[in-house]
Amino acid sequence: INVSLEIGQVSETVEVQANAALVETRSVGVSQVMENARILELPLNGRNVNDLITLSGGAVQTGVTGSKSFAGSPQVAVAGALQFGTGYQLDGAIHNSVFDGFSLPMPFPDALQEFKVETSGLSAQTSKGAAVGAVTKAGTNEFHGSLFEFARNDLFNARSYFAPTKNTLKRHQMGGTIGGPIVQNKLFFFGGYQRTTLRQDPANVQRWVPTAAMLAGDFSAFRSPACNANQTLAPLPAPFVNNRIDPALYSKAALNIASRLPKTSDPCGLVTFGPRTNENAIQVVGKVDYQWSASHSLFGRYLVNTSAIPHALDFDPNNALLTNFEGYDNMVQSYAFGDTYLISSSTVNAFRLTVNRMATNRLGAKYFGPTDVGINAFSYLPKFLNMTVSGGPGFVLGGGTRTDSTTRGTSYHMSDDISVIKGAHQLAFGGNLAQGRSNTNSNSQSPGGYTFNGRSTTSGMADFLLGRLTTLSQGGPSELYQKEWFAGLYLSDSWKATPNLTVNMGIRWEPYLPTTDAKKAVFNFDYERFKQGVKTSVFKNAPAGFYYPGDPGFPSDSGVESQWTNFSPRLGLAWAPGGDGRTSIRASYALSYEYYPLRFREDVTAASPWGKRNQLSSPGGGLDNPWRDTPGGSPFPFVLNADTDFAPAGVFLTTRYDINNPSASLWNLSVQREVVKDLLVSASYIGTQTAHIWTTRLINPVIFFPGNAVNGVCTSQGYTFNTAGTCSTAANLEARRKLTLERPADGRLIGALDEFDDGGTQSYNGMLVTVQRRAANGLTVSTNYTWSHCVSDQYETDGPAPGAGYQNPDNRDFDRGNCDSDRRHILNFTAVAETPEFAGNTMRRVASGWRLSGIYRTASGAPLTILTGDDRALSGIGSQRAAQVLASPYGDTSTGPLTNFLSRDAFALPALGTLGNMGPRNVRGVRTWNFDMSLSRIFEITEGQRLEFRAEGYNVTNSFRPVNPNLSLNNSLFGQIRDAQDSRVMQFALKYVF
């Protein structure tokens, strides 16, 4: 397998132990688990494409994001690019998911012929700012194949750090490949099959539930230092005395829920458990190649992946805490056809046609719903409850992304590329046309989200038992049926200007054709129309300022104008000074345009009238009757038509007509030198500047009125507000919104109203130094070090939720900070040592040919944001940040980082009505590191047959590797670390190759 790096449009292929034995890796940059790779001949321990790239010295990594793709694997951000800014190709055909922009599953490594990565300075043929390409194996005139199995068993593994017992892990991955001739010299086939089964029953999840003492009204133990990181908490506020509450005040619904939670004898209410996993995944790949003539070849390829994971609650129906997990039943299929025709000795044409289909079924739990426990509220999922209790030790039931949902995505792609050699020039031109469709039916909002964060009593658990809701957010089922066209044309010239200088020039035209919605669930909002009271003619009860498809001037079914002038210049230089072939200098610049995936505008369709999403803050009816004070009661269920009512305080996300799609400028400079024989040193600088990132700006902010009312009137910022007592409270938040104060009749129907703003930017600068010593005397060593920094405005790559815009609606820079993916320092060291060929027969059979491999990798911690955990600004905007009051945010970690990684004394809650002084993502988290080893040998059976054995150890020293701590300042567990990376895991593999 080769890993290719292209800098300055001049490709350099780096061989990475192509004939090595077995190696485990997860997904070459994608979501498919691929555990038997032969890349680097090193244990890659379930990592992703950027680990492959950095380990081979091929690119700069800035970390892993948290978003999930098809099989739930994290997606990476390459060299400061946007999370969805990497283009994937398989067999020369597009291999991205139209739904989330990530890669579809790649073939498992035994089915791969080659793999390459391009970062920065891509040729005009490539659309994205980074590219990953792979080619499936093909059959030949001889039959070849393999059989393999990888096995893990808890008998050989260490117990997870926080788990009371060992994980009952049983994991098997088995399969094989075969390829050969159907008709000699004419028609060939290749096929591969891989099956992965995983059975495990971990016990490493910690939650806290009401104890018998709390149910009896006694919170003294729960509020003691022993249960709160050794800190002394203030007692529950008046009217409660000595941390005691009269159980007669408890919510009946809360007591019903508490009775259905697991029981514990722990005085703090701690419950330790884990979701049982029973996963079956299958991948089948097939390819047929036809050599029509000496100058004309065709191929067809089919790839299918299935993954089935039953819900954990199916195995333990009595543990309602398992409802915070989900199951899956997924399938991805990819069809590709290729035609390569050598028109002449200097001209070749390559045509590709592909269809990709994705079917994702997320399986939510079936347990109890609101009416089952006495909550007077409608839910579209009658046996599902979405509840979060925080603000101290707490628990979670369900979750918006844990509900039943289906996504069906299909993409059609056609491309044609022509390459012509004319003297010192290699000209290339062509184009592509694609259409993506995605149909999603989701219930993330339809059961309602009940949240308790301690706003009322300073304890989320006490708020829960008293039924004092912090927020209730609910909407109808989400139906997102979207379609988008993609088109591009390019022209490039690779010019051999002199024997040691190559210049690559090109330009790409790629218009932006915005997404259209089959249900026409799009809209715009105009503040001037709102002030003038201008209303839509489409929905009779819509407030002023909104207009929809069918209104005069509305742009088609997208709500966004097309952009036809997106031209992307590309320039690259490769120079070999001295003429001895030992030094190379490369430089390049490229401009690329990025396109948001179809899921990004999901929250647009969740607004009224389609999803009727709205939010209650501290409702007077509490948990038992949250809609009691809402005129007309609960707006659910509802019927969508022209007469549909718009619920009070509706939640909206709108898009401007003239919004731009993001663009990224990428540049690099690299110097490579063979210092001595077999020792290569390189240094590279890579820069990226991304503009027009979509962020969200709140255009209906909440006005803060300080102090108390004077004669029943509050005044602030030119607005007046009639109330009694305290002017600004959580309960009157919606009444203090700007549009409500200006036009009450219309404004009361508008709650959080956000607008996509394309003014976000992101910059990345990185230095990569690589030292590689080729195999000599049985030892191969490679190391690379990355020093980089990524800074960006705050944005959501999954699609922002309304009400999560700028903390300060008038100042985007207040939310600018380190990128989520920023890892300031990354060091990788890999080595492979092979025993020599001994002279004696016995020693040669026993000791020759053994390979000992190792990887050590360390990286700076992820950037963390310290949160208040509550709406201190009384603005309705989530994720508000704390105030830092000490220079160092860290606690005393000399005795270990578990209980005091972050110092609570270093932070404070901002005063009510204000924002904290901290920026986002400006505290560095726990440093990460991995040390993995493997021992392998190849046993030759005959000239054409061999047996490969491998033993691998991940975290072989069984070291404690903590993850990041709790970050909510209103949580008594703030600063504590309650989770860790895997303890030592062993894997054994056997493979037969013929």
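**Student:** Help me understand the environment of Ala649, please; the structure alone is not making it clear to me.
**Tutor:** Relative to the elements of secondary structure, Ala649 occurs in the loop between strand S31 (614-617) and strand S32 (650-654). Taking the C-alpha atoms as reference, Ala649 lies 8.2 Å from Gly747; in sequence the two are 98 residues apart. Other than its neighbours up to four places away in sequence, Ala649 contacts Asn614, Gln615, Glu734, Arg748, Leu749, Ile750 and Gly751.

**Student:** Honestly, unusual backbone geometry in this entry has me stumped. Any pointers?
**Tutor:** Backbone geometry follows two general trends: most residues other than glycine have a negative phi, and most peptide bonds adopt the trans configuration. Put simply, Ser608 and Pro609 share a cis peptide bond, and its omega is 5°. Checked against the element boundaries, Pro609 lands in the loop between strand S30 (583-593) and S31. Between Phe636 and the following residue, Pro637, the backbone shows a cis peptide bond with an omega angle of -5°. With respect to the helices and strands, the residue Pro637 is situated in the loop between S31 and S32. With a phi close to 55°, Lys520 is a non-glycine residue in the positive phi region. Relative to the helices and strands, Lys520 is located in the loop between strand S26 (516-517) and strand S27 (524-525). Of note in this structure, Lys612 is not a glycine but carries a positive phi near 55°.

**Student:** Please explain the pattern of salt bridges as it appears in this structure.
**Tutor:** Any two side chains of opposite charge can pair if their charged atoms end up close together. Across all of its chains, the model carries 31 salt bridges by this definition. Asp758 is the partner of Arg656 in a salt bridge, and the nearest nitrogen-oxygen pair spans 3.4 Å. Pair noted here: Arg656 is in the loop between S32 and strand S33 (663-676) and Asp758 is in strand S37 (residues 750-776), with a separation of 102 residues, a long-range link. Looking at Arg656, the relative accessible area reads 23%, which means it is partly exposed. On the basis of relative accessible area, Asp758 is assigned to the buried category, the value being 8%.

**Student:** Sorry, what's going on with helix H3 (residues 252-259) here?
**Tutor:** Three- or four-residue spacings in an α-helix give side chains the same orientation, since the helix completes a turn every 3.6 residues. Every buried residue of H3 is listed here: Ala253, Ala254, Ile257 and Ala258. End-on, the buried residues of H3 take up no more than an arc of 135°, which puts them together on one face. The inward-facing, buried residues of H3 abut helix H2 (212-215), strand S18 (386-389), strand S19 (395-397) and helix H4 (460-466). Two or three places before Ala253, at the start of H3, stands the capping residue Ser251, its side-chain oxygen 3.2 Å from that residue's backbone nitrogen.

**Student:** Whenever I open this one, the state of the cysteines confuses me. Can you help?
**Tutor:** Among covalent bonds in proteins, the disulfide is the one between the sulfur atoms of two cysteines. With the rule as written, the count across this model stands at 3 disulfides. By sequence order of its bonded cysteines, the protein chain has the disulfide arrangement 1-2, 3-4, 5-6.

Parameters at a glance
- Residues numbered from 1 in each chain as written.
- Predicted model: local features only at pLDDT ≥ 70, side-chain atom pairs only at ≥ 80, totals over all residues.
- Heavy atoms only, no water.
- Helix = DSSP H or I, 4+ residues; strand = E, 2+ residues; numbered from the N terminus.
- Contact = heavy atoms within 4.5 Å.
- Salt bridge = Lys/Arg side-chain N within 4 Å of Asp/Glu carboxyl O.
- Buried < 20%, exposed > 50% of the residue type's maximum accessible area, 1.4 Å probe, protein only.
- Arc of directions from axis to C-beta.
- Polar contact = N/O pair within 3.5 Å; in protein donor to acceptor, adjacent residues only side chain to side chain.
- Disulfide = S-S within 2.5 Å.

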